[in-house]
Amino acid sequence: MMLSLDQIHTEPPPTPKELDWAEQGFLPPLSPLRCAWRRDVPLDCKISPEDAQARAWTAYYYDLLQCTLQQEGLPETIDLTKEPRAGFGPSDITICILGSPTSYLSVLLEGGNQCPGNMLLCLSPAWLSKVPSESRPGESSLLVFKAVTFDLGGRTTLEEFAPPRRVTYFTGYFGPSKVQGQSAAELARDLDCPTGGSGELARLLEDKLLTRQLMDQQAKVTVPPSLAFTFKRPLPLRSVTEEQHVRMVELSGREGQDNLLQEEISAFLQSGAMESYDQVVVKPSGWRWNGAQAMSFHAKSEQSCVLQAVLMLLETLEEEESILLEAFIPTARVVWPSPSDTNTSSYNTSSQPNLAVRICAVVCRSRKDQPLLSKVICGVGRADKPLKHQTTVPQTLESSLLQLGLKDKAQIAAIYAQIKQKAEAAMKALMDMEAGLSAEQRGGRHAQTDVIGVDFLLSSEEQMLQLVTLEMNSQLCLEACSVFESMGRAVRAPAGEVARPLVETMLRRAQCHLMEGKHILVIGAGGVSKKFVWEAARDYGLKIHLVESDPNHFASQLVQTFIHYDSTDHKKDEEHAQRLLELVQERGLRLDGCLSYWDDCMVLTALVCEGLGLRCSSPMAMKVAKQKSRTHMHLLRRRKEETRWPSAALYAVPCCHLESHADVERAASHISFPGVMKLEYGAGAVGVKLVEDAQQCHLHFDKISRDLQDDSDHPGIGLGWGNTMLLMEYVSGTEHDVDLVIYEGRMLGAFVSDNGPTRVPNFTETAACMPTCLPPDREAQLIRAAYQCCLGCGLTDGVFNVELKLTEAGPKLIEINPRMGGFYLRDWIQEIYGVDIMLASVMVACGIAPQLPAHSSPRTHLVGVMCLVSQHLEALKSTASLETLQALHERGVIRLNLLDDELVSSEYEEPYCNVACSSSSRREACLKLLGICQVLGIDSPRYPVAHFLSHFK
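So, how was this worked out
Residues numbered from 1 in each chain as written. Predicted model: local features only at pLDDT ≥ 70, side-chain atom pairs only at ≥ 80, totals over all residues. Heavy atoms only, no water. Pairing = 2+ DSSP bridges. Helix = DSSP H or I, 4+ residues; strand = E, 2+ residues; numbered from the N terminus. Axes fitted to C-alpha atoms, helices over the stretch in contact; angles between N-to-C directions. Expected span 1.5 Å × (residues − 1). Buried < 20%, exposed > 50% of the residue type's maximum accessible area, 1.4 Å probe, protein only. Contact = heavy atoms within 4.5 Å. Phe/Tyr/Trp six-rings, centres within 6.5 Å; stacked < 30°, edge-to-face > 60°. Salt bridge = Lys/Arg side-chain N within 4 Å of Asp/Glu carboxyl O. 1 Å grid on protein atoms, 1.4 Å probe; cavity = no way out; pocket = protein on both sides within 12 Å on 5 of 7 lines; lining within 4 Å. Points joined across faces, edges and corners; volume = space filled by probe spheres on them. Nonpolar A, V, L, I, M, F, W, Y, C, P; charged D, E, K, R; others polar. Parallel < 35°, antiparallel > 145°, perpendicular 65-115°, else oblique.

(A) Spatial organisation of the sheet that holds strand β30 (residues 861–867). Strand order in this open sheet of eight strands is β29-β28-β25-β26-β27-β30-β32-β31, and the pairing throughout is antiparallel. Sheet topology places β29 (810–817) and β31 (895–898) at the edges, where each strand pairs with a single neighbour. Between one strand axis and the next, the sheet turns by 25° as a mean value, whatever way the strands run. Across seven bridges, the pairing between strand β28 (residues 798–807) and β29 is antiparallel. Paired with Leu806 across the two strands is Pro811, which belongs to β29.

(B) Region of the structure containing helix α13 (residues 476–488). Taking 1.5 Å per residue as the helical rise, α13 with its 13 residues ought to reach 18 Å, and the 19 Å between its terminal C-alpha atoms agrees with that figure. Residues of α13 that are buried include every one of Cys477, Leu478, Ala480, Cys481, Ser482, Phe484, Glu485 and Gly488, and no others. Contacts from the buried residues of α13 go to α3 (101–114), β13 (355–366), β14 (370–382), β15 (451–461), β16 (464–473) and α14 (500–515).

(C) Layout of the packing of aromatic side chains. For the coordinates displayed, the defined rule picks out 11 aromatic pairs. Judged by centre distance (6.2 Å) and plane angle (35°), the rings of Tyr730 and Phe763 are tilted. With Tyr730 in the loop between β24 (725–729) and β25 (734–743) and Phe763 in the loop between β26 (746–755) and β27 (767–770), the pair connects residues that are 33 residues apart, well separated along the chain. Assessed through its relative accessible area of 34%, Tyr730 is described here as partly exposed. Using a relative accessible area of 15% as the deciding quantity, one classes Phe763 as buried. Relative to Phe948, the ring of Tyr943 has its centre 4.8 Å away and its plane inclined at 70°; by these criteria the two rings are edge-to-face. The burial state of Tyr943 is the same as that of Phe948; both residues are buried.

(D) Summary view of the sheet that holds strand β19 (residues 561–564). With parallel pairing, the four strands of this open sheet are ordered in space as β19-β18-β17-β20. The open sheet is flanked by β19 and β20 (593–595), the only strands paired with a single partner. Ignoring strand direction, the axes of neighbouring strands in this sheet form an average angle of 20°. Two elements, strand β18 (residues 543–548) and β19, share four bridges in a ladder whose sense is parallel.

(E) The arrangement of the side chain of His861 in detail. Along the chain, His861 turns up in strand β30. Since its relative accessible area comes to 17%, His861 is described here as buried. Contact partners of His861, with chain neighbours within four places excluded, come to Met770, Pro771, Cys917, Ser918, Ser919, Ser920, Ser921, Arg922 and Ala925.

(F) Quick peek at the side chain of His553. As for its placement among the helices and strands, His553 is situated in the loop between β18 and β19. Filtering out sequence-adjacent residues up to four positions away, His553 remains in contact with Ala525, Gly526 and Glu548.

(G) Up close: the pattern of salt bridges. Within the structure shown, the criterion is met by 43 salt bridges. Between Glu471 and Lys208 there is a salt bridge whose closest N-O contact spans 4.0 Å. With Glu471 in strand β16 and Lys208 in helix α6 (residues 208–218), this residue pair connects regions lying 263 residues apart in the sequence. An identical accessibility class is assigned to Glu471 and Lys208; each is buried.

(H) Up close: empty space enclosed by the protein. Counted under the stated rule, the structure contains three cavities of 30 Å³ or more. Here the largest cavity defines a volume of roughly 220 Å³. Together, 21 residues line the largest cavity, and Thr171, Gly172, Phe174, Gly196 and Ser474 are the ones closest to its centre. Counting only elements with at least two residues in the lining of the largest cavity, the list comes to β7 (169–172), α5 (199–205) and α14. Grouping the amino acids of the lining of the largest cavity by side-chain chemistry returns 11 nonpolar, nine polar and one charged. For the second largest cavity, the lining is made up of 18 residues, of which Leu595, Met602, Asp797, Gly798 and Val799 are closest to its centre.

(I) Examining the packing of helix α18 (residues 619–626) against helix α19 (residues 628–637) more closely. Direction vectors running N to C along α18 and α19 enclose 110°, while the axes themselves pass 5 Å from each other. Looking at the two axes, α18 sits roughly perpendicular to α19. Here Met620, Lys623, Val624, Ala625 and Lys626 of α18 come into contact with α19, specifically with Lys628, Arg630, Thr631 and His634. Among the residues forming the contact of α18 with α19, the class breakdown is three nonpolar, two polar and four charged.

Here is the structure:
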């Protein structure tokens with residue numbers, strides 16, 4: 001609740017009987033509107049019949065949902081219960097919410113758009129059932145038999161499920177409630193799937209003393225000076241004891257406390273912290289009091305009245321509850337416009353009421369347990385009346401500050417930045433506290449708070465606006481923000497802002513739950529640059545069975561099973577695949593998926609998947625994509641077969657396969673120069689060169705044939721497939737990577753990055769940035785080109801990296817890497833968009849469609865440069881040593897991706913590492929990176945970083 005200057009009343013606190021909702025029979029209010037929808041829909045659940053009161057509440061919530069949909073301009077819910085839906089298995093995502101439709105409407109609508117058909121609203125606990133978990137002894141699985149399903153565009157259906165759907169994420173209102181709170185809390189306890197809270201966590205979140213202590217002592221945000229009297233405080237709540245602005249006094253009992261109370265109250269009211277305040281507030285703390293009108297306001301000078309108010313509350317105090325005595329914070333005064341700013345001739349400022357402003361912030365738990373502010377709104381009302389969430393009309397922060405006479409955009413931005421910092425600090429303090437609790441104290445192994453509201457009061461001190469943090473809440477701010485977005489739809493304002501981060505968290509946790517414990521066969525370990533795969537697999541709970549040619553590979557100690565098998569000669573992949581199938585059978589491995597992150601092993605992986613009946617693109621598609629000239633020729637040959645426009649052949653480039661000098665001579669007569677020569681199966685730009693004529697082609701062919709003959713000459717660049725080459729026409733333009741997630745031929749996600757000018761004549765990568773600098777239409781061209789080229793080659797399932805150039809006439813294909821993007825790409829995509837393409841690749845391999853954010857806005861801009869041993873050896877041994885780079889990474893100054901572990905220079909080299917900087921703007925990220933490169937010695941006349949970054953405008 002927001003406090004304002006003139007809210008002075010002294011209503012006696014309610015009695016325990018008034019608070020004990022469980023002992024009373026509550027019937028719902030009348031239908032919210034005259035029914036304009038069908039009411040003869042079957043709301044009972046056959047497996048769990050309800051009594052008359054429960055049926056009345058279910059019918060009320062159904063009417064409330066229809067009323068809300070009607071007000072949103074959305075169609076009525078369609079009843080499909082006559083034909084129960086089947087076909088849902090344990091690998092399907094099912095996000096279930098049990099609660100009031102109005103509280104979660106924005107979440108449900110956004111969830112329906114991001115994961116159509118998988119966002120479910122249960123209007124009654126009877127629609128759900130707990131059963132013992134098959135995989136986790138001592139835990140339970142939650143099954144849903146009936147629900148309202150949300151789909152694209154706000155369409156809803158009432159459905160029954162036979163067999164029932166298994167819930168993969170559950171949330172609802174877990175606090176005290178007249179009807180469903182206890183049921184939601186009981187259903188959530190000890191589930192084997194993630195939950196967005198629990199009854200146990202809700203009790204802590206609704207404890208105003210605890211959350212105020214957390215905000216004061218852990219988050220270090222300004223709170224009102226407070227004195228608290230507690231009675232038998234439980235251990236988790238006692239751990240926060242350091243006194244700053246909140247003093248806590250533990251009482252030994254309810255009787256005989258008058259002298260102690262009087263001494264503490266007197267000392268508090270006369271303390272320096274209370275010097276600038278005139279009034280105080282007395283109120284109870286504890287989730288039993290949530291929503292109760294039990295606070296009273298008093299002048300600071302009336303110590304006897306304050307003592308009596310405390311004593312009255314003490315009579316009803318139960319264990320774990322507290323009494324809060326806090327400073328009454330005066331609100332910032334509104335500066336009303338002068339008569340010249342109005343059209344009213346009889347303008348009288350004395351007749352204008354004083355207004356109070358309450359600021360409401362919603363904070364979500366995002367990736368890697370980082371708090372993320374998703375929305376800020378305000379409520380403005382008369383200061384002489386109670387100002388609550390439900391009694392104000394929500395509006396923007398900008399509008400509210402304008403009412404205070406604050407028009408400067410820089411000041412408004414500074415206030416928003418303060419709100420963001422304080423709200424996220426409050427959420428971080430709560431998350432840290434929860435992390436220290438046992439599974440039993442949290443209400444289950446997977447229970448955590450995923451969203452909170454933080455209420456601020458806009459006060460003023462010495463003519464300066466000041467933010468005072470009042471309290472956290474579990475649902476009120478979320479509901480207020482939902483109302484705000486609902487109002488905005490009338491003027492076509494963007495929707496989903498408040499719910500999008502929460503829905504992304506729900507989906508991420510649900511997908512991680514689905515993948516936990518999956519058995520995955522990974523073929524080929526790769527090098528140091530793939531180390532993140534094994535770390536991520538551990539974090540996701542994946543059981544990795546690794547096949548690797550090197551018996552001493554470091555990854556052998558990081559996986560569930562290590563199978564040493566030499567497959568370096570990839571010309572024999574059919575034989576290797578047969579032998580690997582036998583090894584899998586001999587070891588009795590029951591696999592859920594099979595994949596590879598290593599270029600050389602993609603065809604072998606497809607053959608093994610085919611033998612095991614696991615999802616993967618076909619071996620033929622992998623062969624087409626693996627051989628570079630074959631990719632282009634295949635697409636060019638499909639020109640006459642394709643009826644779609646534009647055809648994928650538009651993106652292919654003329655090229656010729658080279659196995660001999662005769663091939664080189666023929667190619668030189670067909671290909672326009674300048675051209676590019678490269679290894680057919682190469683990787684990392686090793687052996688790539690710009691050639692101007694046939695003579696240069698013959699010379700380079702000789703050199704590669706001599707220097708790079710087999711895998712022992714340069715492991716990991718495709719020489720296990722041979723050292724044949726190709727000649728293709730040189731394509732001018734800017735270079736880009738497109739990383740695609742494709743499932744059953746459908747593109748589920750696409751991420752575009754830009755490359756800086758390469759170092760000719762060998763085309764080694766220098767710099768990159770993400771998100772792309774391109775305008776949306778040009779970005780769309782690249783995505784469509786990459787997608788069509790993949791489908792044209794038959795790549796229908798997997799995560800693929802497509803390299804293209806954007807010419808003045810449109811995109812041109814360079815090559816397709818039929819595996820997840822390498823180097824820094826996985827890390828950058830995860831940081832910028834919150835999407836882990838490594839997890840997406842595993843999900844596709846397991847036959848599970850990844851649910852990626854539908855319209856995820858970039859959270860930051862990343863710009864990075866490659867470090868090469870040939871150019872940076874001196875710096876990498878001194879100013880830019882690995883220890884220095886790792887220290888800067890830990891401090892958040894740079895983002896480091898280590899790509900090799902040896903400082904060895906060679907003619908055919910690959911990058912040693914990538915150093916990047918992030919910022920809210922691309923320009924600032926470039927400036928930061930350039931400055932750091934100059935300090936570290938990465939920038940030099942031979943390696944001009946400013947030039948490499950010049951494309952990123």
